[in-house]
Amino acid sequence: PEVSLEPFADICEGEPAFELTGGMPVGGTYYVDGVVATTFDPAIVGSYEVVYEYTDQNGCTASATQTIEVTPVPCFDVEFTDVTCFGADDGTITVTVDLDCGPVVKICLEYGTIEIPSDNANKFLSGAEFTDLEPGTYLVVVTGENGCESVQEVTIGEPPLLIAHAEYDDAICE
């Protein structure tokens, strides 16, 4: 029989598992690195061989092979400082990229519907610092050259409002 298998797009590490499809004629068996499989879980970076094998009604068998590339998501560390006073907007978030996980092309913060890009115009980024931030929850989004994203939530806190109570004594001393 004539057997075909559609190519697989590269996928980012940690994406949800997906059903293996694309083999023709329908009704064959998929193998990932030699093991029978119906789904693929891109949990680990690497190159995986997918074989689709089909046996026709005459007992003749043929196969087709494709590769799934699981690419790494960016690795990074985040440090932050809370605002110094109630109502202030002097919080900071510092992002440091681990380039061992691959080049990074974009670092930004998402705050509600606002996206704050880093002001670094270099082709590959090693980090970014965001300053003058108000209290709230931010998403740090780091995008690798391969299109994969890593996201980390950071909450900038603020101290409580200080309320001073003044008392006075209306007694007059002589």
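The preceding data block contains the structure.
Caption draft 1: Highlighting the sheet that holds strand E11 (residues 91-98). Across the sheet, which stays open at both edges, the 3 strands sit in the order E10-E11-E14 with antiparallel pairing between neighbours. With partners counted over all chains shown, the strands left at the sheet margins are strand E10 (75-81) and strand E14 (127-133), one partner each. Neighbour to neighbour, the strand axes of the sheet diverge by 15° on average, direction disregarded. Two strands pair when backbone bridges link them, and E10 and E11 are joined in this way by 7 bridges, in the antiparallel orientation. Residue pairing in the sheet places Val78 in a bridge with Val95 of E11.

Caption draft 2: Looking closely at a negative patch on the surface. Taken together, the side chains of Asp77, Glu79, Asp98 and Asp100 define an acidic patch exposed on the protein surface. Among the secondary structure elements, Asp98 is positioned in strand E11. By relative accessible area, which is 34% here, Asp98 ends up partly exposed.

Definitions and cut-offs
Residues numbered from 1 in each chain as written. Predicted model: local features only at pLDDT ≥ 70, side-chain atom pairs only at ≥ 80, totals over all residues. Heavy atoms only, no water. Pairing = 2+ DSSP bridges. Helix = DSSP H or I, 4+ residues; strand = E, 2+ residues; numbered from the N terminus. Axes fitted to C-alpha atoms, helices over the stretch in contact; angles between N-to-C directions. Patch = residues over 30% accessible without salt bridge, like charges linked within 9 Å, V, L, I, M, F, W, Y side chains within 5 Å. Areas by Shrake-Rupley, 256 points an atom, 1.4 Å probe, with all protein chains shown as cover. Salt bridge = Lys/Arg side-chain N within 4 Å of Asp/Glu carboxyl O. Lys, Arg positive; Asp, Glu negative; His and termini not counted. Charge placed at Lys NZ, Arg CZ, Asp CG, Glu CD. Buried < 20%, exposed > 50% of the residue type's maximum accessible area, 1.4 Å probe, protein only.

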